[in-house]
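Topology and contacts: notes
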Amino acid sequence: MKKTLLLLAGVLLTLSLAQAAQEKEGFLTTKWCADRGLFADCRMETIFCGYEGCYKDQKEFNTNVNATFVLNVHSEGKYYLVEFSEGIELGEILEKAINKNEVTLIGEIEGNTIKVEDFEAPPPPKKSFFKGCL
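Keep in mind that what you see is a predicted model, and the values were worked out from it rather than measured.

**What to know about the overall build of the protein chain**
- The number of helices and strands found in the protein chain is four helices and five strands.
- Ordered by position in the sequence, the α and β elements of the protein chain form the string α-β-α-α-β-β-α-β-β.
- When burial is assessed residue by residue, the protein chain has 30% of its 134 residues classed as buried.
- Considering only contacts within the protein chain whose residues lie at least 6 apart along the sequence, 56% involve residues at least 24 apart.
- Accessible surface, the protein chain as shown: approximately 9600 Å² in total, 55% of it carbon and sulfur.

Set out below in C-alpha cells:
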C-alpha cells in the first residue's frame, strides 16, 4: 500500500512539474526586426545594438548583445518577449537558433513574456544534390 501511494505521489509530482513548463514554437529574432516584419532579412547587427545601421553610430566595435529577443509565433500572429535563464548559453542561441524558424522555447509564460529554461533549435538543413553545383 505504501509503495502504491509513493508511486502515485511521484506520478502526480512529475505531472505537475511538466505542466509548469510550456512550449512555444516560432521564429526567434530581435524585437526591432519583428516590429518591422523583417524575418529572413533581419540583419545580425540588430542583435548587438538593437537596430539596423547602428554600426555607423558606434565609435568602437562592440560585441555586447543589447537587443531584445522575441519569438514570433506564426499560428497566433503575435510575438512573445524572451528572457533567458542563467543556465542558457547566449552564444549557443546565437549560433543555433537566432533568425531561424521552428525554434522551440521551453519555459514559463507570463502574459507576453517567455522565461526560457531550455530551447530546441531547428535541425540543420538537409544537404541537397544541387547545392553548390549551380
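The discussion continues.
**Considerations on the pattern of salt bridges**
- In the structure shown here, the tally under the stated rule is four salt bridges.
- The salt bridge partner of Asp35 is Lys31, with a shortest N-O separation of 3.0 Å. Separated by four residues within a single helix, Asp35 and Lys31 lie in helix α2 (residues 31–35), roughly one turn from each other.
- In this structure, Glu92 engages Lys96 in a salt bridge whose closest nitrogen and oxygen atoms are separated by 3.1 Å. One end of the pair, Glu92, and the other, Lys96, are both in helix α4 (residues 90–96), four residues apart, so they sit about a helical turn from each other.

**Regarding the sheet that holds strand β4 (residues 100–110)**
- Taking strand neighbours around the barrel as the criterion, the five strands line up as β1-β2-β3-β5-β4 in a closed arrangement whose pairing is mixed. When strand polarity is set aside, the average angle formed by the axes of neighbouring strands in this sheet is 55°.
- Bridge analysis of strand β3 (residues 78–84) against strand β5 (residues 113–120) gives four bridges, and the strand direction is parallel. Counterpart to Phe84 in the pairing with β5 is Val116.

**Focus on the packing of aromatic side chains**
- The full count for this structure, using the stated rule, is one aromatic pair.
- Aromatic pair Phe69 and Phe84: ring centres 5.8 Å apart, planes at 65°, arrangement edge-to-face. Residue Phe69 is located in strand β2 (residues 69–73), and its partner Phe84 is located in strand β3; the two are separated by 15 residues in the primary sequence.

Basis of the calculations
Residues numbered from 1 in each chain as written. Predicted model: local features only at pLDDT ≥ 70, side-chain atom pairs only at ≥ 80, totals over all residues. Heavy atoms only, no water. Helix = DSSP H or I, 4+ residues; strand = E, 2+ residues; numbered from the N terminus. Buried < 20%, exposed > 50% of the residue type's maximum accessible area, 1.4 Å probe, protein only. Contact = heavy atoms within 4.5 Å. Areas by Shrake-Rupley, 256 points an atom, 1.4 Å probe, with all protein chains shown as cover. Salt bridge = Lys/Arg side-chain N within 4 Å of Asp/Glu carboxyl O. Pairing = 2+ DSSP bridges. Axes fitted to C-alpha atoms, helices over the stretch in contact; angles between N-to-C directions. Phe/Tyr/Trp six-rings, centres within 6.5 Å; stacked < 30°, edge-to-face > 60°.

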